[in-house]
Amino acid sequence: MLGMANKPITKVARANHDARYTSDVNLSFSSEWKTPKIFKQTGVAQPSFTLGYVTSPAGVSGDYYIDGEENGKRAYTNGEYWIWWDGVDRWKLTNTKGSGTVIFYHPEDAFQQNTPYGYYLVGTGVGSFSGWYGATYYTNMAYFSRNNGNLTWNNPLGYIPSFLAFRKLSPDTPDVGYNVFTGEEYTYSLTATKTDPFNEGVTFLTDDLTIIPFEGDDGAYALLFLDPLEGTPPTEYQLKNGAVYLLGDGDVEVREAFPYDNSMDSRFDSFKIFKTGTLELSLPAETIATSAESKVYTATVEHNLGYPPVFLPEATVGWGISTFGDEYIINDNLGSIRSPYGIGVDGEPHIDVYVDSGNLYLKVTRPSYSFMGREYTASKVIMYYTIFYNEIGEEFDFLDI
Amino acid sequence: MSAPPFDEATHKKDLVHNLGYKPIVRAFAKIDSYSTWGWRQIPIYYYDREWDDMFGWIILGRKIDYEHIDDNTIRFYAPEGVEIKVTLYLEPRKDAWYG
């Protein structure tokens, strides 16, 4: 058996560096490393919604889909009936978008909600009766809920692989305090920002992959690596297709090795760097007036790839930060991501990092107090970003090659 | 009833990498609670429950997270017995790739 000292090593240096003498950070590749091997991307792309618990009229129940807007909020239809915002204080259910006889309406707190989810009461009071202690009961009530079409992928690997997870944000995405999302924004899916996830997000609940989009989101996506989380990859792998570039790691026969054990394997996707740089926000010392709207600071970088790219650092939206200090480096604090203790007046400052088909965004939101002016000290927020050519939401499966 | 607070983790473990800077961390924990289970990317907050002879089932807020305590060490925090799997990526900083 050959000793490790005889192992041939391939190193490729970045521009202006000599691979023989430079440190690892200045190499673009070394056969002593394992490059990420992405074998599959998949996800849930379209949300749907269900209206249930209804006894009449016929045809009002069932699945509803987004179809345009009404009075500035999304409208939903099952092809026969519509749920739409009246622009004042009601989500209404009628047989015509924006008009018609109201069959159901959302209860009184509807004006606080950007979405129509929850219980609907009969609009005319017909079908209700009074019970004990004067309480009103309804014989015909509607319930509108999200049904994101959860996804399960049957994993044939024989072990549980590692993954990255993304959210597709929407105008219905809660918890960021302002309505900035159009349905074309993406961020990392981290349950650290969900205090009660109940298995929302991307996970291996069993040996198989499960994707359940977060409440309010338009979708969720997984990017799967050959790296094992649990179990052991096979020791041999029969190459099914030629014309590939393989680079082994040590004494392993590259054509028989399981691809995870190779340094490089062109049968699988890897991360391809498009652009790196620094985003910086200089937050001033300031006092935000009592009960004023939150101040939002934004830094963006254009990529113009025309699709939402995978990026680093692995940050997300709705990331609560009690204090930024003089300088706060996003990349160094990803292990502490959590949701803010509140949004808006009397809430906590928070960070939002997300990407769309044109830009990568870094935002910091500073809320006010309801009882006094809220003072903030000057802070610098820094994010060292990497944008990859890889597309969030692309579907492929390279296992069967 | 409001949700319980998230307890400080009872156990910690240091991962010494000696890279001299803070690398990219991708870490997962295997969770087994009544509300959340399976392999989850961390940091994560979730609910667990324990039997108490006086009060019956009580709900507990749990968290698993990590921090770079310096340029060579990452400290992970979790309840006892949680399995954590970590992958580190080289991340050149200001003087390397980043412009």
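Residues numbered from 1 in each chain as written. Chains lettered and ligands numbered in written order. Predicted model: local features only at pLDDT ≥ 70, side-chain atom pairs only at ≥ 80, totals over all residues.

So, the overall build of chain B
Point 1. Tallying secondary structure elements over chain B gives 0 helices and 7 strands in all.
Point 2. Going from the N terminus to the C terminus, chain B shows its helices and strands as β-β-β-β-β-β-β.
Point 3. Looking at chain B as a whole, 27% of its 99 residues qualify as buried. (Helix = DSSP H or I, 4+ residues; strand = E, 2+ residues; numbered from the N terminus. Buried ≥ 20, exposed ≤ 12 C-beta atoms within 10 Å, placed from the backbone.)

Topic: the interface of chain B and chain A
Point 1. Taken together, the contact between chain B and chain A spans 30 residues of the former and 32 residues of the latter.
Point 2. Among the elements of the structure, strand S2 (24–32), strand S3 (37–41), strand S4 (44–52), strand S5 (56–68) and strand S7 (83–89) of chain B are those that each provide at least two residues to the side of chain B that touches chain A.
Point 3. No other element matches the 5 residues that S3 of chain B contributes to the side of chain B that touches chain A.
Point 4. The residue inventory of the side of chain B that touches chain A, partitioned by class, reads 17 nonpolar, 7 polar and 6 charged. (Contact = placed C-beta atoms within 7 Å. Nonpolar A, V, L, I, M, F, W, Y, C, P; charged D, E, K, R; others polar.)

Digging into the sheet that holds S2 of chain B
Residue and element names in this part refer to chain B.
Point 1. Pairing in this open sheet of 3 strands is antiparallel, and the strands run S3-S2-S7 from one edge to the other. Strands at the two margins of the open sheet, each flanked by one partner only, are S3 and S7. Within the sheet, the average angular offset between the axes of one strand and its neighbour, ignoring direction, is 15°.
Point 2. Pairing geometry for S2 and S7, over 7 bridges, is antiparallel. By the bridge assignment, Ile24 is partnered in S7 with Tyr89. (Pairing = 2+ DSSP bridges. Axes fitted to C-alpha atoms, helices over the stretch in contact; angles between N-to-C directions.)

Describing the nonpolar core
All names here are of chain A.
Point 1. By size, the foremost hydrophobic cluster in this structure holds 69 residues, and its most contacted members are Phe163, Ala165, Phe166 and Ala222.
Point 2. Among the elements that make up this core, the one with the highest residue count is strand S19 (residues 219–230) (7 residues).
Point 3. Counting contributing residues per domain, this core is built from domain 2 (152–272 + 393–397) and domain 3 (274–389), each supplying no fewer than three.
Point 4. If near-sequence neighbours (up to four positions away) are discounted, Phe163 is found in contact with Val202, Ala222, Leu223, Leu224 and Phe225.
Point 5. By size, the runner-up hydrophobic cluster in this structure holds 19 residues, among which are Tyr64, Tyr76, Trp91 and Phe144. (Core = buried A, V, L, I, M, F, W, Y, C linked by C-beta atoms within 7 Å. Domains from an automatic or database assignment.)

Overview of the domain arrangement of chain A
Residues and elements named next belong to chain A.
Point 1. Assigned domains of chain A: these are domain 1 (48–147), domain 2 (152–272 + 393–397) and domain 3 (274–389).
Point 2. Between domain 1 and domain 2, the contact holds 4 residues from the first and 5 residues from the second.
Point 3. Among the residues making up the side of domain 1 that touches domain 2, the classes are represented as no nonpolar, 2 polar and 2 charged.

Things to note about the sheet that holds strand S10 (residues 118–122) of chain A
Residues and elements named next belong to chain A.
Point 1. Spatially, 8 strands are ordered S4-S5-S6-S7-S8-S9-S10-S13 in a closed barrel, and the strand pairing comes out antiparallel.
Point 2. Of the strand pairs in this sheet, strand S4 (residues 48–52) and strand S13 (residues 142–147) are connected by 5 bridges, and their pairing is antiparallel. Residue pairing for S13: Gly52 is matched across the bridge by Tyr143.

What to know about unusual backbone geometry
Point 1. A cis amide bond links Leu312 of chain A to the next residue, Pro313 of chain A, at an omega of 10°.
Point 2. Mapped onto the elements, Pro313 of chain A comes out in the loop between strand S25 (309–312) and strand S26 (319–320).
Point 3. Here Ile42 of chain B and Pro43 of chain B are connected by a cis peptide whose omega angle stands at 10°.
Point 4. Take Pro43 of chain B: it is sitting in the loop between S3 and S4.
Point 5. You will see that Ser291 of chain A, though not glycine, has its phi angle at about 60°, which is positive.
Point 6. Structurally, Ser291 of chain A can be placed in the loop between strand S23 (286–288) and strand S24 (295–302).
Point 7. Unusually for a residue other than glycine, Asn18 of chain B sits at a positive phi of about 55°.
Point 8. The topology assignment puts Asn18 of chain B in the loop between strand S1 (11–16) and S2.
Point 9. For Asn18 of chain B, a count of 7 C-beta atoms within 10 Å puts it in the exposed group.

Side note on the confidence of the model for chain B
Point 1. Summary statistics for chain B give a mean pLDDT of 84 and a share of 83% for residues scoring 70 or more.
Point 2. For this predicted complex, the interface confidence score (ipTM) comes to 0.87, while the overall pTM stands at 0.84. (pLDDT = per-residue confidence, 0-100.)

A look at the pairing of S25 of chain A
Residues and elements named next belong to chain A.
Point 1. With burial as the criterion, each face of S25 is covered, one bearing Pro309 and Phe311 and the other bearing Val310 and Leu312.
Point 2. Alignment of S25 against strand S31 (residues 379–391), held across 3 bridges, turns out to be antiparallel. Considered in S31, the bridge of Leu312 is made with Thr386.

What about the confidence of the model for chain A?
Point 1. Confidence in the prediction of chain A, expressed as mean pLDDT, is 84, and 88% of residues score 70 or more.
Point 2. Every residue in residues 1–5 of chain A is under pLDDT 50, and counting partners more than four places away or in other chains gives 3 contacts.

A few points about the pairing of strand S5 (residues 62–70) of chain A
All names here are of chain A.
Point 1. The pairing of S4 with S5 spans 3 bridges and is classified as antiparallel. Residue pairing for S5: Thr50 is matched across the bridge by Asp63.
Point 2. Both S5 and strand S6 (residues 73–77) contribute to a ladder of 4 bridges, which runs antiparallel. Along S6, the bridge assignment pairs Glu69 with Arg74.

Some words on the environment of Pro213 of chain A
Point 1. Here Pro213 of chain A shows up in the loop between strand S18 (209–212) and S19.
Point 2. Spatially, the C-alpha atom of Pro213 of chain A lies 9.2 Å from that of Gly43 of chain A, the residues being 170 residues apart in sequence.

Here we look at the environment of Asn78 of chain A
Residues and elements named next belong to chain A.
Point 1. Take Asn78: it is sitting in the loop between S6 and strand S7 (82–85).
Point 2. By the C-beta count within 10 Å, which is 19 here, Asn78 ends up partly exposed.
Point 3. Expressed as a C-alpha distance, the spacing of Asn78 and Glu280, which sit 202 residues apart in the sequence, is 46 Å.

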